[in-house]
Amino acid sequence: MTAFITEPLDIKAAADNVLGELKGKKRLGRGNHFVDFCSGIKSLSEDYKSHNIMLLHTDVKSYNPELPTSIDEAVQKQRDAEEFREMLGSSLLEKLGASYQLLGNWNHNAVESIDADDKVVYRKGVVKLNPGELGVFPASLGRMILFYTLNEDTPPEYNSFPHATGRAGPRGATKVSLEKASELRNSLYIPKEIKDTALRSEHPSCYNDFENILNELSKKIHLIGESEILGYVGKV
């Protein structure tokens, strides 16, 4: 995932334009890959409150489907993925004519060689944060996105934290009705080209909530602020 702070945006126009730019280009992969247009981060600072946040979640297959064959290749692939997300997000915002700056760039499928212990850490579905770095923790459409830093005194193991709350069960088993999926449009802007059938597995009930995860890890992080999802582009 990669996040950008942007000047205030017309959310509807931004989402429609991004849909037009990404449609048919396989940039968002499948599943829950998306572009979210969000409010400024509440309770972080006045400057951020007056802006918007664009959060981009895509996968490495969007630009290079080849599997790495060594740790060095895997690490390089992760760096390439970071550059790809930053490039993609920057190009979308430039086409919107919006000023912006990078807020964060987080790999959540990554490897790290720890030479001192002769170990390799494989982070599957979790991100690594260093002390003082800002982390992002989304749940689902209709829920807030949380921003946090690690507690330096009691950080999680290997400075790793979930990249999202995760699905509540298998995608097919948690799908909601078309009527319930359509209700999402009442709380945020979703372009008409994205059909309700594509939203049946994106409803909040398809995902875990924050409560259990934050109860388990609350002493290991400091919550900084939250951001509301205002517009969504996915499944393109």
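None of these values were measured; they are calculated from a predicted model. (Residues numbered from 1 in each chain as written. Predicted model: local features only at pLDDT ≥ 70, side-chain atom pairs only at ≥ 80, totals over all residues. Heavy atoms only, no water.)

Asker: Kindly report on the overall build of the chain, identifying the contributing residues and their values.
Answerer: When helices and strands are tallied, the chain shows six helices and 11 strands. Relative to the 2.2 N^0.38 estimate, which gives 18 Å for 236 residues, the radius of gyration of the chain is 18 Å and therefore close to what a compact globule would have. In terms of overall dimensions, the chain has a C-alpha envelope of 55 × 40 × 40 Å along the principal axes. In the chain, which comprises 236 residues, the share counted as buried stands at 45%. Long-range contacts, defined here as pairs at least 24 residues apart, represent 72% of the contacts in the chain between residues at least 6 apart. (Helix = DSSP H or I, 4+ residues; strand = E, 2+ residues; numbered from the N terminus. Rg over C-alpha atoms; globule rule 2.2 N^0.38 Å. Buried < 20%, exposed > 50% of the residue type's maximum accessible area, 1.4 Å probe, protein only. Contact = heavy atoms within 4.5 Å.)

Asker: Explain the packing of aromatic side chains residue by residue, including any values.
Answerer: Following the criterion strictly, the structure yields four aromatic pairs and no others. Ring centres of Phe4 and Tyr100 lie 5.8 Å apart, and the angle between their planes is 80 degrees; this geometry places the pair in the edge-to-face category. Of this pair, Phe4 sits in strand 1 (residues 2–6) while Tyr100 sits in strand 4 (residues 100–105), placing them 96 residues apart in sequence. Note on Phe4: relative accessible area 1%, which makes it buried. On the numbers, 4.6 Å between centres and 45 degrees between planes, the contact of Tyr148 with Phe161 is tilted. With Tyr148 in strand 9 (residues 144–150) and Phe161 in strand 10 (residues 160–162), this residue pair connects regions lying 13 residues apart in the sequence. The class of Tyr148 is buried, set by a relative accessible area of 1%. A relative accessible area of 1% means that Phe161 is categorised as buried. Three or more aromatic residues joined by ring pairs make a cluster, and in this case those are Phe137, Tyr148, Phe161 and Phe210. (Phe/Tyr/Trp six-rings, centres within 6.5 Å; stacked < 30°, edge-to-face > 60°.)

Asker: Got a sec to walk through the environment of His51? Specific residues and values, please.
Answerer: Its location among the elements puts His51 in the loop between helix 2 (46–49) and strand 3 (52–57). A sequence separation of 183 residues divides His51 from Gly234, and the C-alpha atoms of the two residues are 22 Å apart. Non-local contacts of His51, meaning those with residues more than four positions away in its chain, are made with Ile5, Thr6, Glu7, Ser39 and Gly40.

Asker: Kindly report on the nonpolar core, identifying the contributing residues and their values.
Answerer: Val35 and Phe37 are the most contacted members of the largest nonpolar core, which totals 58 residues. Per-element accounting of this core gives the leading share, six residues, to helix 1 (residues 11–22). Other than its neighbours up to four places away in sequence, Val35 contacts Val18, Leu22, Leu28, Met54, Leu55, Leu56, Gly231, Tyr232 and Val233. (Core = buried A, V, L, I, M, F, W, Y, C linked by side-chain atoms within 4.5 Å.)

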